[in-house]
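As a plain string of letters, each chain reads:
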Amino acid sequence: MAIELPENVVVSKLDELASWCRKNSLWPMPFATACCGIELMATGASRHDLARFGAEVFRFSPRQCDLMIVAGRVVMKMLPVLQRIWQQMHEPKWCISMGACASTGGVFDTYSVVQGIDRFIPVDMYIPGCPPRPEQLIQGIIDLQDKIQLEGTIPGSEFELRTRQQRKRALVELPTVGTPSLILPR
Ligand code: SF4
């Protein structure tokens, strides 16, 4: 027998609901090192208004964040800092590589610039461009939200680091939280 629900009642799975809450309450950690950072700032400003997608609460403490946005080139000297901040963020966490420099080193094909941050930390979403426009970053966040929704939360699989990270490219994760050390790509 079909049950008739009132108009203001919605039925869903608990897992779907938890994932929906999680994906719409991302707290970004901005790691802006160069010109892409200006576009990142513009994304949070009133014209583009990242708040519409529930990801406007930029925090500068890694312990309060779950979304790392790397905007700009990362030099080798800065890499241990990036790794330390990534480690200090709680699981489950995600990473967006914004712009050509963060994803590949861009035009800086030189020994001192990291040729893609995915050699050292796992990246969930790449945003092309030099620099990408705020609309592209917003689209990247929406796509990431779709991935988060699919991931689910009740089975706790998001805490199984190996399972989560195997799908990502060229991952090298520091084994434990402690004194960070530079990990070289395999
Ligand atoms: S991708 Fe272009 S805009 Fe972004 S940091 Fe590199 S040079 Fe600057």
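Data block above holds the structure.
Reference entry: report on the structure contained in this document.

Each value, and the rule that gives it
Residues numbered from 1 in each chain as written. Predicted model: local features only at pLDDT ≥ 70, side-chain atom pairs only at ≥ 80, totals over all residues. Heavy atoms only, no water. Helix = DSSP H or I, 4+ residues; strand = E, 2+ residues; numbered from the N terminus. Buried < 20%, exposed > 50% of the residue type's maximum accessible area, 1.4 Å probe, protein only. Contact = heavy atoms within 4.5 Å. Core = buried A, V, L, I, M, F, W, Y, C linked by side-chain atoms within 4.5 Å. Near = heavy atom within 4 Å. Nonpolar A, V, L, I, M, F, W, Y, C, P; charged D, E, K, R; others polar. Pairing = 2+ DSSP bridges. Axes fitted to C-alpha atoms, helices over the stretch in contact; angles between N-to-C directions. Polar contact = N/O pair within 3.5 Å; in protein donor to acceptor, adjacent residues only side chain to side chain. Salt bridge = Lys/Arg side-chain N within 4 Å of Asp/Glu carboxyl O. Patch = residues over 30% accessible without salt bridge, like charges linked within 9 Å, V, L, I, M, F, W, Y side chains within 5 Å. Areas by Shrake-Rupley, 256 points an atom, 1.4 Å probe, with all protein chains shown as cover. Parallel < 35°, antiparallel > 145°, perpendicular 65-115°, else oblique. Left-handed = near helix turned anticlockwise from the far one by under 90°.

What to know about the overall build of the protein chain
- The number of helices and strands found in the protein chain is six helices and four strands.
- Of the regular secondary structure in the protein chain, the N- to C-terminal order runs α-β-α-β-α-β-α-β-α-α.
- Evaluated residue by residue, the protein chain yields a buried proportion of 44% over its 186 residues.
- Within the protein chain, contacts between residues separated by at least 24 positions form 76% of all contacts whose residues are at least 6 apart in sequence.

Some remarks on the nonpolar core
- In this structure, I96 and L137 are the most contacted members of the largest nonpolar core, which totals 19 residues.
- Broken down by secondary-structure element, the contributors of at least two residues to this core are α2 (36–44), β2 (67–71), β3 (94–98), β4 (125–127) and α5 (134–151).
- Counting residues per element, this core draws most heavily on α5, at five residues.
- Setting aside anything within four residues of it in sequence, one finds I96 in contact with L67, M68, I69, V70, M125, I127, L137, G140, I141 and L144.
- Within the second largest apolar cluster, 18 residues are counted, among which are F31, C95, A102 and V114.

Focus: the site of the ligand
- Looking at the ligand, the residues that line it are A34, C35, C36, G72, R73, A100, C101, G129, C130 and P131.
- Class assignment for the residues of the shell around the ligand results in seven nonpolar, two polar and one charged.

A look at the sheet that holds β3
- In space, the four strands of this open sheet follow the order β1-β2-β3-β4, with parallel pairing throughout. Two strands close off the open sheet at either side, each with one partner strand: β1 (28–32) and β4. Taken over all neighbouring pairs, the strand axes of this sheet differ in orientation by 15° on average, direction set aside.
- In the sheet, β2 pairs with β3 via five bridges, with the strands oriented parallel. The residue of β3 that forms the bridge with I69 is I96.

With respect to the side chain of S103
- Relative to the elements of secondary structure, S103 occurs in helix α4 (residues 100–104).
- According to the relative accessible area criterion, S103 is buried, its value standing at 11%.
- From its side chain, S103 meets the backbone oxygen of G99 in a polar contact 3.1 Å long.
- Excluding anything up to four places from it in sequence, S103 contacts S97, Q115, G116, I117, D118 and Y126.

A short note on the pattern of salt bridges
- With the rule as written, the count across this model stands at one salt bridge.
- E135 is the partner of R133 in a salt bridge, and the nearest nitrogen-oxygen pair spans 3.0 Å.

A look at a nonpolar patch on the surface
- Together, I3, L5, V9 and V11 give the surface a local cluster of nonpolar side chains, amounting to about 410 Å² of exposed area.
- Within the secondary structure, I3 is located in the segment before α1 (14–23).
- Overall, I3 belongs to the exposed group, its relative accessible area being 69%.

Examining the packing of α1 against α5
- Closest axis-to-axis distance for the α1/α5 pair is 8 Å, and the angle between their directions is 150°. Considering their axes alone, α1 and α5 lie roughly antiparallel with respect to each other. When the axes of α1 and α5 are compared, the crossing they make is right-handed. Along the contact surface, α1 presents E16, S19, W20, R22 and K23, while α5 presents Q145, I148 and Q149.
- Of the residues in the contact of α1 with α5, the class split is two nonpolar, three polar and three charged.

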